[in-house]
Amino acid sequence: MIRVCFTLGTRPEAIKLAPVIRTFQSSDKFATQVVLTGQHREMVAQVMEIFGLKADRDLDIMQHQQTLTDITQRSLQGLEKLFREIAPQVVIVQGDTTTAFAAALAAFYQQIPIGHVEAGLRTDNIYNPFPEEANRRLISQIAQLHFAPTSLAVENLAKSDVTGAIHQTGNTVIDALLTVAKSQPPCDIPGLDWSKYRVILSTVHRRENWGEPLQNIGAAMLQILEKFPDTALLLPLHRNPTVREPLTQILGEHPRVFLTEPLDYSQLVGAIQRSYLLLSDSGGIQEEAPSLGKPVLVLRDTTERPEAVTGGTAKLVGTDIDRITAAASELLANPQAYQAMATAINPFGDGTASTQILAAVEQFFGV
């Protein structure tokens, strides 16, 4: 059996790799190892439980107020030793996190082939998002298997002159989403009556939005709530105090704002299903919400998922107060504008990405 090692450290990686791991585990051609770096501990554990997965190894690198250098250094050191021990024949990473970059680099140093899930995303601004744009570009240069979610991602990889095979597979987040959404998971928030309000679901966490942009986002949310009394805001707070504290200060006293701890993935899917629209700086939300017919306003100045904007499922609104308020107001006041976004076709795939990735790895090894 071919030894394949999946390495992950954050919740988005866990969500997007879970269906791939399950697909490989069901094959009699591969012996699968799942390695956690521990970059995000509790949130990853929730996802693993939802998908019935268990880690084979855990580097447990997480420390209070860890820096990007800390994460990279400890991941590299831990994975060097681990890869020598378990000798994987291919290492599969996902996306653009520091864990993904460090795992790819650790594999490269031992000349182990690298498979990159969600390859080819680009903003063409090396510092936005930071450090993700650099991470994914660096992984592309050393990977042998590139699993691109869309035709545009394929084009980006081809223009970058990457080596190795490029496969257009769709995005694995759709596989994960559809698996969980089938069960209509509950999302019970104390005090929130979903039938009473049009609920705006928001997630905010990106580093480039820290500081003044975050203040602007909070102010815009207050304006939207004031303008539309039939709306409520559900905002699961990121655990980082840099994000949590200013949002709590701005929004915490409003009677129609529901600030919660991070939702587990099944709750998040349930919340998307029940919400009216989404305001988010999350990359995953841009991919997931359109599959459930929900418009997304992207709280960023750039996106590595322009397919969502071009396809009409998402709109880039940045962090300007007036721009956010105007875009949300149009969707809340204009049924035609809302329907145009809600019924647009999701460009990120049909839920078969995991089986396509398995087929590509089988082809790589000739099995």
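Residues numbered from 1 in each chain as written. Predicted model: local features only at pLDDT ≥ 70, side-chain atom pairs only at ≥ 80, totals over all residues. Heavy atoms only, no water.

A. Quick look at the overall build of the protein. Regarding its fold elements, the protein presents 15 helices and 13 strands. A compact globule built from 367 residues would reach a C-alpha radius of gyration of about 21 Å, and the protein, at 20 Å, matches this within 12%. C-alpha extents for the protein along the principal axes are approximately 60 × 40 × 40 Å. With 367 residues in all, the protein has 58% of them scored as buried. Long-range contacts, defined as pairs at least 24 residues apart, comprise 68% of the intrachain contacts of the protein with a sequence gap of at least 6. Of the roughly 14900 Å² of accessible surface on the protein, a fraction of 50% belongs to carbon and sulfur atoms. The averaged location of the 39 negative side-chain charges in the protein is 2 Å from the averaged location of its 30 positive side-chain charges. (Helix = DSSP H or I, 4+ residues; strand = E, 2+ residues; numbered from the N terminus. Rg over C-alpha atoms; globule rule 2.2 N^0.38 Å. Buried < 20%, exposed > 50% of the residue type's maximum accessible area, 1.4 Å probe, protein only. Contact = heavy atoms within 4.5 Å. Areas by Shrake-Rupley, 256 points an atom, 1.4 Å probe, with all protein chains shown as cover. Lys, Arg positive; Asp, Glu negative; His and termini not counted. Charge placed at Lys NZ, Arg CZ, Asp CG, Glu CD.)

B. Region of the structure containing the nonpolar core. Grouped together as the largest cluster of nonpolar side chains are 58 residues, with contacts concentrated most on Phe-24, Ile-92 and Tyr-265. Among the elements that take part in this core, helix H1 (residues 11-25) stands out by supplying seven residues, more than any other. Sequence-distant contacts of Tyr-265, that is, excluding residues within four places in its chain, are made with Arg-11, Ile-15, Val-47, Ile-50, Phe-51, Val-173, Ala-176, Leu-177, Val-180 and Glu-288. Leu-251, Leu-279, Met-341 and Ala-342 belong to the second largest nonpolar core, which has 30 residues in total. (Core = buried A, V, L, I, M, F, W, Y, C linked by side-chain atoms within 4.5 Å.)

C. Focus on the UniProt feature "domain: UDP-N-acetylglucosamine 2-epimerase" (unreviewed entry) in the protein. UniProt annotation of "domain: UDP-N-acetylglucosamine 2-epimerase" (unreviewed entry) refers to residues 24-361 when read in the numbering used here. In this annotation, residues 24-361 is assigned 45% helix and 15% strand; the end-to-end C-alpha distance for the span is 10 Å. (UniProt positions renumbered as here; feature names shortened; annotations may be inferred.)

D. Summary view of the sheet that holds strand E12 (residues 296-298). Taken together, six strands build an open sheet; the order of strands is E10-E9-E8-E11-E12-E13 and the sheet is parallel. Among the strands making up the open sheet, the edge pair consists of strand E10 (257-260) and strand E13 (314-316). For this sheet, the mean angle separating the axes of adjacent strands, direction not counted, is 20 degrees. Bridging between strand E8 (residues 198-203) and strand E11 (residues 277-280) involves four bridges; their strand directions are parallel. Considered in E11, the bridge of Ile-200 is made with Leu-277. (Pairing = 2+ DSSP bridges. Axes fitted to C-alpha atoms, helices over the stretch in contact; angles between N-to-C directions.)

E. Fine view of the domain arrangement of the protein. Split into domains, the protein comes out as domain 1 (2-170 + 351-365) and domain 2 (188-343). Placing the centre of domain 1 and that of domain 2 at their C-alpha centroids yields a distance of 28 Å. Counting from both sides, the interface comprises 23 residues of domain 1 and, opposite them, 20 residues of domain 2. When domain 1 packs against domain 2, close to 1700 Å² is buried across both sides, 55% of that on carbon and sulfur atoms. For domain 1, the biggest contributors to the area lost against domain 2 are Arg-11, Met-43 and Asn-128; these three give 23% of the whole. One can count five salt bridges joining domain 1 with domain 2. Linking domain 1 with domain 2 are seven residue pairs in polar contact (both at pLDDT 80 or more). At the level of elements, H1, helix H2 (41-50), helix H5 (132-142) and helix H6 (151-159) are the ones that each hand at least two residues to the side of domain 1 that touches domain 2. Sort the elements by how many residues they give to the side of domain 1 that touches domain 2 and H2 lands first, with five residues. (Domains from an automatic or database assignment. Buried area = accessible area lost by both parts, 1.4 Å probe. Salt bridge = Lys/Arg side-chain N within 4 Å of Asp/Glu carboxyl O. Polar contact = N/O pair within 3.5 Å; in protein donor to acceptor, adjacent residues only side chain to side chain.)

F. A look at a nonpolar patch on the surface. On the surface, Ile-126, Tyr-127 and Phe-130 cluster together into a nonpolar patch covering about 330 Å² of accessible area. Along the chain, the position of Ile-126 falls in the loop between strand E5 (114-117) and H5. (Patch = residues over 30% accessible without salt bridge, like charges linked within 9 Å, V, L, I, M, F, W, Y side chains within 5 Å.)

G. Region of the structure containing the side chain of Ser-282. Looking at the element boundaries, Ser-282 is found in the loop between E11 and helix H11 (283-288). For Ser-282, a relative accessible area of 13% translates into the label buried. There is a polar contact of 3.2 Å between the side chain of Ser-282 and the backbone nitrogen of Gly-284. Those residues within four positions of Ser-282 in sequence are excluded, and the remaining contacts are Thr-203 and His-205.

H. Representation of the sheet that holds strand E4 (residues 90-94) in the model. Read across the sheet, seven strands follow the order E3-E2-E1-E4-E5-E6-E7 without closing on themselves; strand pairing throughout is parallel. At either margin of the open sheet sits one strand with a lone partner, and together these are strand E3 (57-58) and strand E7 (165-168). Both E4 and E5 contribute to a ladder of four bridges, which runs parallel. Within the sheet, the bridge partner assigned to Val-93 lies in E5 and is His-116. Along the sheet, H1 makes contact with strand E1 (2-8), strand E2 (30-36), E4 and E5, crossing E1 at roughly 165 degrees.

I. A look at unusual backbone geometry. Residue Pro-129 follows Asn-128 across a cis peptide bond; omega there is 0 degrees. Tracing the sequence through the fold places Pro-129 in the loop between E5 and H5. Cis rather than trans, the peptide bond between Phe-130 and Pro-131 has omega equal to 5 degrees. At Asp-60, a position not held by glycine, the phi torsion is positive, near 55 degrees. Structurally, the position occupied by Asp-60 is in the loop between E3 and helix H3 (68-86).

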